[in-house]
Amino acid sequence: MRHHHKNTVLAAAALAALSLGLTACGGSDTGAKDAGSASSAPRASAGTGDGATSAGSGQDATGGSATTTGGSETGGSTTGGASAGGSTGGGKGTNASTASTGSATGGKTAAKAPACAYGDVRVTVEKADEVPTEHVVLTATNVSGRSCTLLKHPLLAFGPIQTAKDVPAVEKSRSTVPVVIGNGDSAYANVRISLGGVHEENKVVKEFTVNLFAPDGPAEGSVVVKAPAGGLAVNEAVAKTGYWTYELRNGADEF
């Protein structure tokens, strides 16, 4: 009986010890998890702190990623780029801004170039390379010292302005873009002066006048153009003019 009682007590003691051991292990595991959670949180905080510090100090590696994150989450891409000094992000921003400014500036320059007045251009005439001469080419060169816009087409008078027949324009030759010429640059217009027939009612013209368009209609003043040596045989009944263009084009300036 004593031996049996003693064995029972020892078994109970061993069971109690085992239970305590398991409880201790569970507590240790929970503690490790808690410690792990506690240690990981400071590391995350430290990372955020480092990112913010790097962004403020302008360090490239950390600052670049901080700028990207800040830009995507807060939308402050311009401010973030400037603060972090991220060369990649800042470079793209600068280039985009420059390109935008450049195109806008170019558009404004073209839009603000005033209409060329008669005193802004020198107009010359040259016979086309054909026999007999059916066409001539007008060249308007900007001598104003600034850019100006040639509007529509030349207004031609092959004779006294008061009595000369109007020369119609050929619509298909209208330019699709504004013809803005800088100082020293030129634009051109093709002009039909006859059909090349010997029996046409031609008149020999030693000089003629060219007028320009203003935004609200024909401009004041005109340019007197000297004809090439020997004059031009002009048939006013069939004369036509093209629009001003940067260069003569196949098709559009063939009439």
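Residues numbered from 1 in each chain as written. Predicted model: local features only at pLDDT ≥ 70, side-chain atom pairs only at ≥ 80, totals over all residues. Heavy atoms only, no water.

**A few points about the environment of Asn202**
And then number 1: By the secondary structure assignment, Asn202 is in the loop between strand 6 (186-192) and strand 7 (203-205).
And then number 2: It is 5.0 Å that separates the C-alpha atoms of Asn202 and Val234, two residues lying 32 residues apart in sequence. (Helix = DSSP H or I, 4+ residues; strand = E, 2+ residues; numbered from the N terminus.)

**What to know about the sheet that holds strand 2 (residues 135-142)**
And then number 1: On the basis of which strands lie adjacent, the open sheet formed by four strands has the order 1-2-6-13 and antiparallel pairing. Only two strands of the sheet have a single neighbouring strand rather than two, namely strand 1 (121-127) and strand 13 (240-241).
And then number 2: With seven bridges joining them, strand 1 and strand 2 adopt antiparallel strand pairing. Within strand 2, the residue paired with Glu126 across the bridge is Val137. (Pairing = 2+ DSSP bridges.)

**Quick word on the confidence of the model for the protein**
Caution applies to low-pLDDT parts of the model: their predicted coordinates are not meant to be read in detail.
And then number 1: Here the protein averages 70 in pLDDT, and 56% of its residues register 70 or above.
And then number 2: Low confidence marks residues 14-110, where pLDDT is under 50. Its contacts with residues over four positions away, or in another chain, come to 26 contacts. (pLDDT = per-residue confidence, 0-100. Contact = heavy atoms within 4.5 Å.)

**Some points on the state of the cysteines**
And then number 1: Counting across every chain of the model gives one disulfide.
And then number 2: One disulfide bridge connects Cys116 with Cys148, the sulfur atoms lying 2.0 Å from each other. Here Cys116 and Cys148 share a disulfide; its torsion about the S-S bond, 90°, makes the bridge right-handed. Here Cys116 is found in the loop between helix 4 (87-112) and strand 1, whereas its partner Cys148 is found in strand 3 (residues 148-150), with 32 residues between them in sequence. With respect to class, Cys116 is no different from Cys148; both count as buried. (Disulfide = S-S within 2.5 Å. Buried < 20%, exposed > 50% of the residue type's maximum accessible area, 1.4 Å probe, protein only.)

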